[in-house]
Amino acid sequence: MWRLLHDGIGVLNKVGRFVEEIATDCHPCQSSPETAEHLFLRCPLIQAILFASPLGLRLENNSELSSSISMLDISTSSSTDIQWTPPPENTIKININVGLKDDYSVNVVVARNHYGAFVGSETSIGTLCSPLIAEANGFILAARLANRLNLHNILIESDSISMLKYLNDVSTRVPWRVLNIVNELRAFISIFSQVVFQFVRRPNDIAHVLAKFAVKHHVQAQWTSSQPPSCISIYLLADTF
């Protein structure tokens with residue numbers, strides 16, 4: 001229930017953000033996108049099953065469930081409507097995103113300053129691996145981008161709870177499959193003046209747009225502040241403060 005209320009279920013609507021050409025409609029009813037709210041509360045077939053069960057739950061117009069539905073509505077809206085927020089002055093924020101295709105993965109990092117202005121970005125293509133390894137490689141790419149841009153104070157933002165825990169809590173046991181990557185990253189970031197790893201419920205739209213573009217067109221490239229990727233230019237203007 002905790003994962004449901006905090007939008008932590010791997011429903012198709014979320015998976016579709018990372019995997020190209022996946023059907024995101026609810027499998028039981030095929031009438032709406034499969035969000036956590038729809039799958040557990042709104043789907044007609046699920047409602048019928050719950051009503052026919054020994055619990056006899058009737059979800060429609062059920063005042064006893066209204067508070068739970070309201071909590072889910074708040075949680076869902078916060079994850080889908082979240083806006084990019086600027087970092088502190090003199091700090092560069094780097095957002096990480098990961099895209100997956102049939103036989104390869106794409107890491108994307110986008111750097112912006114406290115005005116929302118584009119500083120640089122990079123995409124890197126790798127062999128298809130576990131999501132955790134792909135996320136870990138995204139942190140390495142973020143550090144390399146910061147080094148290439150000669151940055152000093154950086155804030156790296158990601159929705160990978162596992163990687164953030166490994167990096168922010170040295171007492172946490174790191175799985176062997178990403179241990180070398182985490183150790184490499186810890187050594188790498190020592191060259192910067194300040195590094196902060198921060199959780200964001202959902203990667204910002206610009207990094208997500210660039211990830212979809214890179215996955216679709218198999219793009220591995222670097223961009224500087226004077227020449228941002230054309231696919232995100234309009235979004236950059238909207239986020240400039």
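From a predicted model like this one, the values you see are computed outputs, not experimental measurements.

Draft legend 1. The pattern of salt bridges, seen in detail. Summed over all chains, the structure comprises 3 salt bridges. For arginine 148, the salt bridge is made with glutamate 122, and the minimal N-O distance between the two is 3.6 Å. Here glutamate 122 lies in strand β3 (residues 118-127) and arginine 148 lies in helix α6 (residues 131-148), a separation of 26 residues in the sequence. Residue classification places arginine 148 among the partly exposed positions, given a relative accessible area of 31%.

Draft legend 2. Representation of the sheet that holds strand β6 (residues 222-224). Taken in spatial order, the 6 strands of this open sheet run β5-β4-β1-β2-β3-β6, and their pairing is mixed. Both outer strands of the open sheet, β5 (194-199) and β6, are each paired with one neighbouring strand and no more. For this sheet, the mean angle separating the axes of adjacent strands, direction not counted, is 15°. Bridge analysis of β3 against β6 gives 3 bridges, and the strand direction is antiparallel. What sits directly across from glycine 120, in β6, is threonine 224. Docked against the sheet, helix α7 (residues 161-168) engages β4 (153-158) and β5, running at close to 145° with respect to β5. Most of the contacts of helix α9 (residues 205-217) go to strand β2 (residues 104-112), to which it runs at about 145°, and overall it touches β1 (92-100), β2, β3 and β6.

Draft legend 3. Spatial organisation of the packing of aromatic side chains. A complete count under the given rule lists 2 aromatic pairs for this structure. Relative to phenylalanine 192, the ring of phenylalanine 188 lies with its centre 6.3 Å away and its plane at 20°, an arrangement referred to as stacked. Judged by relative accessible area, phenylalanine 192 falls into the buried class, the value being 9%. Positioned above the aromatic ring of tryptophan 84 is the side chain of arginine 112, whose terminal nitrogen or guanidinium carbon lies 3.9 Å from the ring centre.

Conventions and cut-offs
- Residues numbered from 1 in each chain as written.
- Predicted model: local features only at pLDDT ≥ 70, side-chain atom pairs only at ≥ 80, totals over all residues.
- Heavy atoms only, no water.
- Salt bridge = Lys/Arg side-chain N within 4 Å of Asp/Glu carboxyl O.
- Helix = DSSP H or I, 4+ residues; strand = E, 2+ residues; numbered from the N terminus.
- Buried < 20%, exposed > 50% of the residue type's maximum accessible area, 1.4 Å probe, protein only.
- Pairing = 2+ DSSP bridges.
- Axes fitted to C-alpha atoms, helices over the stretch in contact; angles between N-to-C directions.
- Contact = heavy atoms within 4.5 Å.
- Phe/Tyr/Trp six-rings, centres within 6.5 Å; stacked < 30°, edge-to-face > 60°.
- Lys NZ or Arg CZ within 6 Å of the ring centre and 35° of its normal.

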